[in-house]
Amino acid sequence: PIGPCAALDLTPVSAIAADAASLADPVFAAKIAAALSADGTASGATFECTQLPMSITFAAASGAAALDGVFLRLASDWLLKRPAQVELWAKAADGSWRPELNFTFPDSPAVCGDGEETFGNRDCDGERHRFSFYAEALGPGTYPELGGGGGAVAATGEYRLDLLSGYCSGGFFKLDAVQML
């Protein structure tokens with residue numbers, strides 16, 4: 001698990017959901033902004049499963065393009081109302097989108113933490129360990145030509161997170177935080 005590292009500042013650029021919600025909708029925009037905040041586990045956002053698939057494009061500030069390595073960490077619900085299939089795309093200097101990560105958020109009960117001192121590897125209990133966490137590493141930014149599977153940090157600092165499916169208990173899922181560390 002990735003501990004309490006300093007999160008990069010993330011700024012929403014656009015967000016589109018299957019039900020046609022976008023950043024033009026103030027409620028949807030506020031939910032996206034909450035999920036992209038450095039401390040999203042304090043607020044977070046609940047989305048209807050009908051909004052899947054959903055794409056969130058964001059810019060990672062604070063020198064993300066120059067770092068040797070970056071982790072993408074998602075925080076979600078403790079009780080299986082989580083995103084499931086997730087893809088991360090990096091915007092190349094030529095404007096094209098290159099696949100960087102493709103993963104399934106675990107549906108295990110042993111991926112929780114409190115969001116302050118623990119960030120995974122704890123049993124979800126809904127009280128002390130009330131957030132589930134999943135992190136994936138993006139590799140050095142020195143090899144942007146690797147594209148898909150290379151895990152290179154985006155030369156532009158811009159990313160697109162595609163939430164393709166979710167574990168939709170009760171018809172909704174939570175996305176408490178999207179963080180780049």
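This write-up is about the structure you can find in this document.

Thresholds applied
- Residues numbered from 1 in each chain as written.
- Predicted model: local features only at pLDDT ≥ 70, side-chain atom pairs only at ≥ 80, totals over all residues.
- Heavy atoms only, no water.
- Helix = DSSP H or I, 4+ residues; strand = E, 2+ residues; numbered from the N terminus.
- Buried < 20%, exposed > 50% of the residue type's maximum accessible area, 1.4 Å probe, protein only.
- Contact = heavy atoms within 4.5 Å.
- Areas by Shrake-Rupley, 256 points an atom, 1.4 Å probe, with all protein chains shown as cover.
- Pairing = 2+ DSSP bridges.
- Core = buried A, V, L, I, M, F, W, Y, C linked by side-chain atoms within 4.5 Å.
- Polar contact = N/O pair within 3.5 Å; in protein donor to acceptor, adjacent residues only side chain to side chain.
- Disulfide = S-S within 2.5 Å.

Focus: the overall build of the protein chain
On a plain count of helices and strands, the protein chain comes out with one helix and eleven strands. Order of helices (α) and strands (β) in the protein chain, N terminus to C terminus: β-α-β-β-β-β-β-β-β-β-β-β. Expressed as a percentage of its 181 residues, the buried residues of the protein chain come to 46%. Counted over contacts in the protein chain with a minimum sequence separation of 6, partners at least 24 positions apart contribute 71%. Carbon together with sulfur atoms contributes 55% to the accessible area of the protein chain, which is approximately 7,800 Å² in total.

Here's the deal with the sheet that holds strand β8 (residues 131–138)
Here four strands make up an open sheet; going across it, the order is β7-β8-β4-β11 and the pairing antiparallel. Of all strands in the sheet, those with a lone pairing partner are β7 (112–113) and β11 (177–180), marking the two edges. Across two bridges, the pairing between β7 and β8 is antiparallel. Looking at the pairing, G113 lines up with F131 of β8.

Looking at the nonpolar core
M54, F58, L72, L161 and V178 are the most contacted members of the largest nonpolar core, which totals 34 residues. Discounting residues that sit within four places of it in the chain, M54 has contacts with I16, A17, F28, I32, F47, L161, D162, L163 and F173. Membership of the second largest hydrophobic core comes to five residues, among which are A75, F119, F133 and A177.

Quick word on the side chain of S76
For S76, the position within the fold is in strand β4 (residues 70–77). A distance of 3.4 Å separates a polar side-chain atom of S76 from the backbone oxygen of K81. Of the polar contacts made by the side chain of S76, one reaches the backbone oxygen of K174; its length is 2.5 Å. Contacts of S76, omitting those with residues within four sequence positions, involve K81, R82, P83, F105, R130, F131, S132, K174, L175 and D176.

What about the state of the cysteines?
In total, this model carries two disulfides according to the counting rule given. Disulfide pairing places C112 opposite C124 at an S-S distance of 1.9 Å. On the sign convention where negative means left-handed, the S-S torsion of about 85 degrees between C112 and C124 marks this disulfide as right-handed. Of this pair, C112 sits in strand β7 while C124 sits in the loop between β7 and β8, and the two are twelve residues apart along the sequence. Of the two residues, C112 and C124, both sit in the buried class. Sequence-ordered numbering of the disulfide-bonded cysteines in the protein chain gives the connectivity 1-4, 2-3.

Points about helix α1 (residues 26–36)
Every buried residue of α1 is accounted for by F28, A29, I32, A34, A35 and L36. Those residues of α1 hidden inside the fold are in contact with β1 (10–17), β2 (45–48), β3 (54–60), β10 (172–175) and β11. Between the side-chain oxygen at the start of α1 and the backbone nitrogen of V27 there is a gap of 3.1 Å, and the oxygen is on D25.

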